Structures are given as C-alpha cells and as structure tokens.
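Here is what each chain is made of, one letter per residue.
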Amino acid sequence: MVKKIKKNNFIFCIVISLFLNVITSCTSEEKKEKKEVENKEHKKDDSEKEDDKHEEKKDDHEDDEEKKIESLIKVETITPKIESSNIFIETQGKVYSKKNVSITSLADGKIKKVYFSIGDNIKKGETIAILDNQEANNEEGGLKSKLAINNNIISNFETKLKSYQEMFKIGIVAKNDLDNIINEINTKKLENEDINLNINKISTRKTNYTIKSNFNGYVSEIVSEGSFLNYGQNVASLISEKDEYIESLIPSEQIKNLSTNQKVEILSDTSEKAISGSIYNVSPIASFNMIKVIIKPSETLPLNLDVKIKIPTKSISGLSIPKSAIVLIDGKTSVFAVKDGKSVAKAVDIQKDFENKVIISKGITNKDNIVIKNADILADGTKVLTK
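This structure is a prediction, so every number in the text was calculated from the model and none was measured. (Residues numbered from 1 in each chain as written. Predicted model: local features only at pLDDT ≥ 70, side-chain atom pairs only at ≥ 80, totals over all residues. Heavy atoms only, no water.)

(A) Main features of the sheet that holds strand β9 (residues 228–229). Read from one edge to the other, the open sheet built from four strands follows the order β7-β6-β4-β9, with strand pairing classed as antiparallel. Lying at the two open borders of the sheet, with one neighbouring strand each, are β7 (210–212) and β9. Taken together, the two bridges between strand β4 (residues 109–114) and β9 define a ladder with antiparallel strand orientation. What sits directly across from Gly 109, in β9, is Leu 229. (Pairing = 2+ DSSP bridges. Helix = DSSP H or I, 4+ residues; strand = E, 2+ residues; numbered from the N terminus.)

This is how it looks when you write it as structure tokens:
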C-alpha cells in the first residue's frame, strides 16, 4: 500500500513538473514575442524619428534654398541684335505756297525808296526797295572826312619833308628833324588804313540796304516808303511762279552733308506715312550760324503746314539694345551682361541714340545676355536670377 502511494506521488510530481515547464515555456515564448514586438515598435519609432529628422533637415534645406533664391536680384535679359540704320539731319520746316513768298530784310533801317506796287511782276534779282540807315551814313561820312583831313596832313608833311631833305644836305636841319616828319607821315598812313577798313565794313553792311527779290512773281503785299524795318521783317509778299516748297533752317556745319537733288523724308500730322522730297536749293550764306534750305515735296501739302524733315547723311551698323540697359559706371557708359549667374559690367560705345533704343558699336557681342531690367541696382559680380 505504501509503495503504491509513493508511486502515485512520484507520478503526480512528474505531471506537475511537466505542467510547470509547459507554463514556463509558454510564458517565456510570450515574453520573447512581446519583446520582439516591443523591439519592432521601438525600431519603428526610431525610424519614424529619423524620418522626421530627415524631413526637418530637408525642409530646412529647402527653406535655405528658397531664402537664397529670394535674396538674388531678379533680372530680365535679351540678346543684342545686329541692326543697320541711317544717320539723319532732323529739322523743322514750313510749307510755303506759290501764292505766298516772303522777301525779308537783312538789315535795320528806314525805307527810302520802293520800286514796285501791288500787282507788279518782279523778276529774280530785281531791287524791291532801298533802306536809308542815317546812322551808318553819318558814320561813313565822318570816316571819309577824317580820311580827307589825314590825306591833307600827309600831303603837307611830304612837301615839308622834301624841303627838310634839301636843308639837311647843307646842314641847316638835323637828322632828328627829318625822322620826326617821316614818323608823322607813317602814323597818319596807319590811321588811314584803319579808317579804310571801317569804311569797307560799313559798305559791306550797306549792301543789305538794297533789298532784292529771290523769286519771280507778282506783288501781293509790299511795305510803304518811310516805314522802318527790323532785321528779318517782311518787305514784300509775292505770288511765286514756281510750285510750293518747304523752307527750313539747318546748322551751317551741316552744309557739307547737303547737296542739290538730295532725297529727304517729310513727316507731318496730316499724313501717317512720310512723303519724299528733294533739296532744291542750299543757301551759300549763313545767318546766325544757320543756312536756309529749300525743299520740293513730291506731294501737295497744305499751306503754312509745319513739317519735320529727315535728311539721310550716312548708314551705320551695330548692336541694338533697349535704353533701359544703359547705366553709368565710374562716369562710363556701360551695360551689365549675365554670365554664370553673376552680372558682368561692360563699357560700351553708343553709335546712335534713338528714342527707346541705342545702337552699340563697341563693348558687347551678339551672344551676350544683356540685362534690360533692374540694371540700375546691380554692381559688377552681383548674383542674379534670370527670368
């Protein structure tokens, strides 16, 4: 009996032991699985944290890049184009009809004589009127009187000189006496040279007192005798026998660029396009450094119309860029080009200046990217962002 109980206890202990082992094993497995899950979650959390850090760094980098881009000066560029253009003399003119030709005075003075009346036919070169400038006449008369007095003094000194020369030979007078007479004669002769020069000047001036016609035509208006004229004032109006013309004044230094039959462009408010014309006459005489040019238009224009005239003189060729690209750097005319994201200052020579553009002859090429916007806030080497 006792043996049987012991056997049963042994079996029971074995069963309990096995049961505990199973429980322990299950618990260990569960802990292991739990730990693995925890490790995975931990790694996931770490990974997510790393990802968050990476995203934060990426965002910071992008923000830095955006800030860098925002700090760059935004510019707009163009590539210069080769352009040819004519150099013009640009001036103003006025249309005069064949029914309105004015003859003006080239001097001040009182009308002494008028040779024509309204309706008379005047030929080119005929005298229309004569001015009587009493002041000039009096001045000329005074000079001529002084000249006559000096000539009389010289004649007396020359007579006296001959007498002194004879007396000098026999020792009655000294050589100093002869020299004094000779000096007096020479002094008066020098005075006479100045007087003659002034008389010639007055004579030249008085040639303008004779007013002559530059055209063939009939008198429509004319001044009366006794009237006083100022320089440039109208003397007579003629009905010209020639077609209408345009009269213009051009600086006298441009006369070398003008010739008869030279083609011109005529612009007016009455026409959207330019009409052609040609130079009919260039005055060889300058007045106040201006020369008068007569132009024949190819089309009929309204009387007294003010027009713009463009006379081509030569052709030029260069690189065309907008005026907005031009800046001054150290007193030099310059532009900025863009290379490798930076501005590069380039000094240039302007060949022709137009209203909104310029033609450059030197300093850039047709491959340069020239800044045309915000050029005025750049410096050499500034980092830029090109649109």
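(B) Region of the structure containing the environment of Glu 221. Along the chain, the position of Glu 221 falls in strand β8 (residues 217–222). The partly exposed category is assigned to Glu 221, whose relative accessible area is 47%. Here the alpha-carbon distance between Glu 221 and Ala 236, two residues 15 residues apart in the chain, equals 5.2 Å. (Buried < 20%, exposed > 50% of the residue type's maximum accessible area, 1.4 Å probe, protein only.)

(C) Here's a closer look at helix α3 (residues 175–206). Look at α3: 47 Å from first C-alpha to last across 32 residues, which is about the 46 Å you get at 1.5 Å a residue. Residues of α3 that are buried: Leu 178, Ile 181, Ile 185, Lys 188, Asn 192, Ile 195, Ile 199 and Ile 202. Residues of α3 that are buried sit in contact with α2 (134–169). (Expected span 1.5 Å × (residues − 1). Contact = heavy atoms within 4.5 Å.)

(D) Representation of the side chain of Gln 262 in the model. Relative to the helices and strands, Gln 262 resides in the loop between β11 (245–251) and β12 (263–267). Here the side chain of Gln 262 touches Asn 257 through a polar contact of 3.2 Å, landing on its backbone oxygen. Within the local environment of Gln 262, its side chain forms a polar contact with the backbone nitrogen of Ser 259, the two atoms lying 2.9 Å apart. The residues contacting Gln 262, other than those within four sequence positions of it, are Asn 257, Gly 277, Ser 278, Ile 279, Ile 311 and Pro 312. (Polar contact = N/O pair within 3.5 Å; in protein donor to acceptor, adjacent residues only side chain to side chain.)

(E) Representation of the packing of aromatic side chains. Following the criterion strictly, the structure yields three aromatic pairs and no others. Ring plane angle 20° and centroid distance 5.6 Å describe the contact between Tyr 96 and Tyr 245, whose orientation is recorded as stacked. Remark: Tyr 245 occurs in strand β11 and Tyr 96 occurs in strand β2 (residues 81–96); sequence separation between them is 149 residues. According to the relative accessible area criterion, Tyr 245 is buried, its value standing at 6%. Look at Tyr 231 and Phe 288: their rings are 5.6 Å apart centre to centre, the planes differ by 85°, and that puts the pair in the edge-to-face class. (Phe/Tyr/Trp six-rings, centres within 6.5 Å; stacked < 30°, edge-to-face > 60°.)

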